[in-house]
Amino acid sequence: MNLIFSLIAACILSVVHILSTRLDMRLSRSTAAAGSFGAGVAATFVFLELLPKIDHGHDLIGDSIEFVILAGFLVVFSMHRLAHRSTSNNKDGRFRFRIIISTAFAYNWLLVFSFPRSNGIYDLVITGLLVLHLFFYDRSIREEDPESYDAWGRWLLVGATMLGWSGLWL
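Residues numbered from 1 in each chain as written. Predicted model: local features only at pLDDT ≥ 70, side-chain atom pairs only at ≥ 80, totals over all residues. Heavy atoms only, no water.

With respect to the side chain of T103
Turning to its location among the elements, T103 is positioned in helix α5 (residues 90-113). Residue contacts for T103: discarding those within four places in its chain leaves V76, M79 and Y137. (Helix = DSSP H or I, 4+ residues; strand = E, 2+ residues; numbered from the N terminus. Contact = heavy atoms within 4.5 Å.)

Written out as structure tokens, the structure is:
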């Protein structure tokens, strides 16, 4: 993926975080269908783009790459579980939101960092498909704490997206 196309992709994904509230109002009629499509796109991206890259991990880490992937999955699952075990009082609600936004930060960074590096048009098509997935992901985060998400959470996700793009080229 060349520098310009990857920057365009990162900017498009950043705009999703910035405009997620406005997009939510526009897509509210077909929420279930669009949500299912977005989840399917995310799953397809994992199977077609990310899992084949495990072979590259074998070169870097060796046979323990599966353990590293399992450990990463367990950390993310545990963070998600911890966030949703909190009670609903205000202090725990803020703690839960911080865990959720931290996990989303890591997810956004990794999503852009592991983006396909092929020709520009294919990369932009993948970006277009991931827009819908990120929109629904943002929507679920915003439901946890709309005020914090609108005030600083979405900007943190924009930063993660741009940090992922920087890491892609550094």
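Observations concerning the pattern of salt bridges
Per the stated rule, a full pass over the model turns up two salt bridges. In this structure, the salt-bridge partner of E144 is R96, at a minimum N-O distance of 3.2 Å. Of this pair, E144 sits in helix α6 (residues 120-144) while R96 sits in helix α5; the two residues are 48 residues apart in sequence, bridging distant segments of the chain. Between D150 and R142 there is a salt bridge, with the nearest N and O atoms lying 2.6 Å from each other. The exposure class of D150 is partly exposed, given its relative accessible area of 24%. (Salt bridge = Lys/Arg side-chain N within 4 Å of Asp/Glu carboxyl O. Buried < 20%, exposed > 50% of the residue type's maximum accessible area, 1.4 Å probe, protein only.)

Some thoughts on the nonpolar core
Formed by 15 residues in total, the largest nonpolar core has its most connected members in L13, V112, F115, L130 and L134. Of all the elements in the fold, those that place two or more residues in this core are α1 (3-26), α5 and α6. With six residues, the single largest contributor to this core is α6. Discounting residues that sit within four places of it in the chain, V112 has contacts with A10, L13, T161, G164, W165 and L168. (Core = buried A, V, L, I, M, F, W, Y, C linked by side-chain atoms within 4.5 Å.)

Thoughts on the environment of R154
Position of R154 among the secondary structure elements: in helix α7 (residues 146-169). By relative accessible area, R154 is classed as buried at 18%. Distance from R154 to I18, taken between C-alpha atoms, is 6.2 Å for residues 136 residues apart in sequence. Setting aside residues up to four positions removed in sequence, R154 forms contacts with H17, I18 and Y149.

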